Number of protein chains: 2
Amino acid sequence: MPLGLNDDQLKRIDDIVATRRKVKRGGTLFRNGESFTSLYAIRTGFFKTCVATEDGRDQVTGFQMAGEVIGLDGIVNDHHTCDAVALEDAEVCVMPFDRIEELSREVTALQSHVHKIMSREIVREHGVMLLLGSMRAEERLAAFLLNLVQRLHARGFSQSELVLRMTREEIGSYLGLKLETVSRTFSKFVEEGIVEVKQRHVRILSTDALKGIVNNQQACH
Amino acid sequence: MPLGLNDDQLKRIDDIVATRRKVKRGGTLFRNGESFTSLYAIRTGFFKTCVATEDGRDQVTGFQMAGEVIGLDGIVNDHHTCDAVALEDAEVCVMPFDRIEELSREVTALQSHVHKIMSREIVREHGVMLLLGSMRAEERLAAFLLNLVQRLHARGFSQSELVLRMTREEIGSYLGLKLETVSRTFSKFVEEGIVEVKQRHVRILSTDALKGIVNNQQACH
DNA sequence: CGCGTCATTGATGTGCATCAAGTGGTGTGG
DNA sequence: CCACACCACTTGATGCACATCAATGACGCG
């Protein structure tokens, strides 16, 4: 939350997030088609959001961790258009959207905050589109790891070590790759001495090497 | 714009969009890195938005037509993170964002409208991620054509005939394909009698066939 | 009319998907 | 506590969809 609020304003924002909800690992916070009432701020735990085609294929559209907000997709049509699934036991703050709108009419900082959260999501998705549309497997995985570790670092975790909360298949779905390709690409990074991988434990040995993979043109021709 | 506003409110919203700006074909409305001040509602013309990697590759993130709003990417960091390029001579309404925020604190309908526009963009991008992450070339192009013609139809144009404002390369960039693949896929649709194509003029002969391509699993095994 | 841009089409190459087999870690129940 | 089953993961062999390279054709504009 942003700064510069007086006690009354802070209290009222607090009231919005008064109710909480726990979601067990594997459980859903909301599902495609459910009616939209609230945004959710993640307190603890880890989520994925995914959309599906009618014929059953699905696509992970994002991974969310503590401090991030999910449910924005529901605003436009008053029902959700994706599933939010907990990848580990989680707890969220339930924030009824009508109350957010009400209060953000009075508290400028809240209004601005809401706009920025939505804009941030749009920009993030631009980045994913760039990744899906024009990067090769190694670049995708490198970008993914860098993004994850950067977000974890901002939350006080290590810059070089992380535990993946999702399966290879879920990573693949997010990155537009098959799980075998994700696994092979991990192995390749290990061979090259860029990372150590032991199951879901990943240690990044050279952040620079990863950045080099993301930024460099596929060195061909 | 939504309904249910009184004259005073309408007038004040009108004041926001009082200033206009023309952009010639090929010109940019804003560029990556430029400071963000306003959202733009397209009055006439056709735009693309695109992001770029440091090494020069770029990705079209969307095509926008009359009535749609661009510039939402700029809100989060007060500067734009993509380019908006006119694909034909265009005119936009310039809507200073601070005035939008100001007025949407007073006019509930405007506030709701702004939220829905941003949410709609998020949902649209989910769809693009699904397309880029899990569809084959034919499905991507079919989905693209259906989406375009549906939006044009909503604006009073034909359900079956359209003129592409963008090159094959730009379509390819949006769909994560090379221009040759876009061209070949068009040719394939023509062979199958699904569309007629003459340069940028496209006539859809069977909307159902296109829908079938999008929805059907790639008929394998 | 000639040039540049955009589009089509063919030949070939390659990155990733697919299919398949096997390994290792985890949890459960006897 | 161990045997077994299950699931996630790894790794190899093969195939295919799309990329790449290259040549030609069709507009449109100065």
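Conventions adopted
Residues numbered from 1 in each chain as written. Chains lettered and ligands numbered in written order. Predicted model: local features only at pLDDT ≥ 70, side-chain atom pairs only at ≥ 80, totals over all residues. Heavy atoms only, no water. Disulfide = S-S within 2.5 Å. Buried < 20%, exposed > 50% of the residue type's maximum accessible area, 1.4 Å probe, protein only. Core = buried A, V, L, I, M, F, W, Y, C linked by side-chain atoms within 4.5 Å. Contact = heavy atoms within 4.5 Å. Domains from an automatic or database assignment. Buried area = accessible area lost by both parts, 1.4 Å probe. Salt bridge = Lys/Arg side-chain N within 4 Å of Asp/Glu carboxyl O. Polar contact = N/O pair within 3.5 Å; in protein donor to acceptor, adjacent residues only side chain to side chain. Helix = DSSP H or I, 4+ residues; strand = E, 2+ residues; numbered from the N terminus. Nonpolar A, V, L, I, M, F, W, Y, C, P; charged D, E, K, R; others polar. Pairing = 2+ DSSP bridges. Axes fitted to C-alpha atoms, helices over the stretch in contact; angles between N-to-C directions. Near = heavy atom within 4 Å. Least-squares fit on C-alpha atoms with pLDDT ≥ 70 in both. Parallel < 35°, antiparallel > 145°, perpendicular 65-115°, else oblique. Left-handed = near helix turned anticlockwise from the far one by under 90°.

Within an unreviewed UniProt entry, the label attached to chain A reads CRP/FNR family transcriptional regulator, and the organism entered is Simplicispira metamorpha.

(A) Fine view of the state of the cysteines. Residue and element names in this part refer to chain B. Applying the stated criterion across every chain, the model contains 0 disulfides over all chains. The closest cysteine sulfur to the non-disulfide-bonded Cys-82 is located on Cys-50, 7.5 Å from its own sulfur. When its relative accessible area of 1% is taken as the criterion, Cys-82 is described as buried. For the unlinked cysteine Cys-93, the closest cysteine sulfur is that of Cys-82, found at 19 Å.

(B) Structural view of the nonpolar core. The biggest cluster of nonpolar side chains holds 74 residues, and the ones touching the most others in it are Phe-144 of chain A together with Phe-144 of chain B. Excluding residues within four positions of it along the chain, Phe-144 of chain A makes contact with Phe-63, Leu-164, Met-166, Ile-171, Tyr-174 and Leu-175 of chain A.

(C) Layout of the domain arrangement of chain A. All names here are of chain A. Entries for chain A in the domain assignment read domain 1 (7-129) and domain 2 (136-215). Using C-alpha coordinates to define each centre, domain 1 is positioned 25 Å away from domain 2. Contacts between the two partners involve 17 residues from domain 1 and, on the opposite side, 11 residues from domain 2. Summed over both partners, the interface of domain 1 with domain 2 comes to about 1,200 Å²; 55% of that surface belongs to carbon and sulfur atoms. Where Lys-48 meets Glu-170, a salt bridge forms, and the shortest distance between an N and an O atom there is 3.0 Å. Seen at the junction of domain 1 and domain 2, the total is 9 residue pairs in polar contact (both at pLDDT 80 or more). Elements supplying a minimum of two residues to the side of domain 1 that touches domain 2: strand S3 (38-52), strand S4 (58-65), strand S6 (83-96) and helix H3 (108-134). Looking at side-chain class alone, the side of domain 1 that touches domain 2 contains 7 nonpolar, 5 polar and 5 charged residues.

(D) Spatial organisation of the sheet that holds strand S9 (residues 201-204) of chain B. Residue and element names in this part refer to chain B. Spatial ordering of the open sheet is given by S7-S9-S8, a layout of 3 strands whose pairing is antiparallel. Strand pairing shows two members of the sheet lacking a second neighbour, strand S7 (161-163) and strand S8 (195-198), which therefore form its edges. Taking the axes of each pair of neighbouring strands and ignoring which way they run, one obtains an average angle of 15 degrees across the sheet. Summarising the sheet, S7 and S9 pair through 3 bridges and their orientation is antiparallel. Each bridged residue has a counterpart across the sheet, and for Val-163 the counterpart in S9 is His-201. Contacting S8 and S9, helix H6 (residues 179-191) runs over the sheet at an angle of about 130 degrees to S8.

(E) Structural view of the protein's contact with DNA strand D. Taken together, 17 residues lie near DNA strand D, and Arg-168, Ser-183 and Ser-187 of chain A together with Ala-137 and Thr-181 of chain B sit nearest. Within 4 Å of the protein, atoms of DNA strand D come from sugar and phosphate in 61% of cases. Taking Arg-200 of chain A, its side chain carries an N or O atom lying 3.1 Å from a phosphate oxygen of DNA strand D. Between Thr-181 of chain B and DNA strand D, the recorded distance is 2.2 Å, taken from a side-chain N or O atom to a phosphate oxygen.

(F) The arrangement of the relation of the copies chain A and chain B in detail. With an RMSD of 0.0 Å, the fit of chain A onto chain B corresponds to turning through 180 degrees and sliding 0.0 Å along the axis. Classification of the inter-copy transformation places it as that of a two-fold axis. By C-alpha distance to the rotation axis, the residue of chain A lying nearest is Arg-105 of chain A, at 2.1 Å. Counting the interface residues of chain A, we find that 100% of their copies in chain B are interface residues as well, pointing to one common contact surface.

(G) Inspection of the packing of helix H4 (residues 137-154) of chain B against helix H7 (residues 207-215) of chain B at higher detail. Residue and element names in this part refer to chain B. For the pair H4 and H7, the least separation of the axes is 8 Å and the interaxial angle reads 135 degrees. With respect to their mutual orientation, H4 and H7 come out oblique. Here the hand of the crossing between H4 and H7 comes out left-handed. Seen from H4, the contacting residues are Glu-138, Glu-139, Ala-142, Ala-143, Leu-145 and Leu-146; seen from H7, they are Thr-207, Leu-210, Lys-211, Ile-213 and Val-214. Considering only residue class, the contact of H4 with H7 consists of 7 nonpolar, 1 polar and 3 charged.

(H) Structural detail: the interface of chain A and chain B. With 50 residues of chain A at the contact, the number on the chain B side is 50 residues. With both sides pooled, the region where chain A packs onto chain B buries about 4,500 Å², and carbon together with sulfur makes up 57% of that total. It is Arg-57, Arg-105 and Met-129 of chain A that lose the most area in chain A upon contact with chain B, and together they represent 16% of the buried surface on that side. In this structure, the connection of chain A to chain B is made through 2 salt bridges. A salt bridge links Glu-139 of chain A to Arg-57 of chain B; the nearest nitrogen and oxygen atoms lie 2.7 Å apart. Put simply, chain A and chain B have 26 residue pairs in polar contact (both at pLDDT 80 or more) between them. Within the residue set of the side of chain A that touches chain B, elements represented by two or more residues are S3, S4, helix H2 (97-104), H3 and helix H7 (207-215) of chain A. Examining the composition of the side of chain A that touches chain B, we find that 20 residues originate from one element, H3 of chain A, more than from any other. Split by residue class, the side of chain A that touches chain B holds 19 nonpolar, 18 polar and 13 charged.

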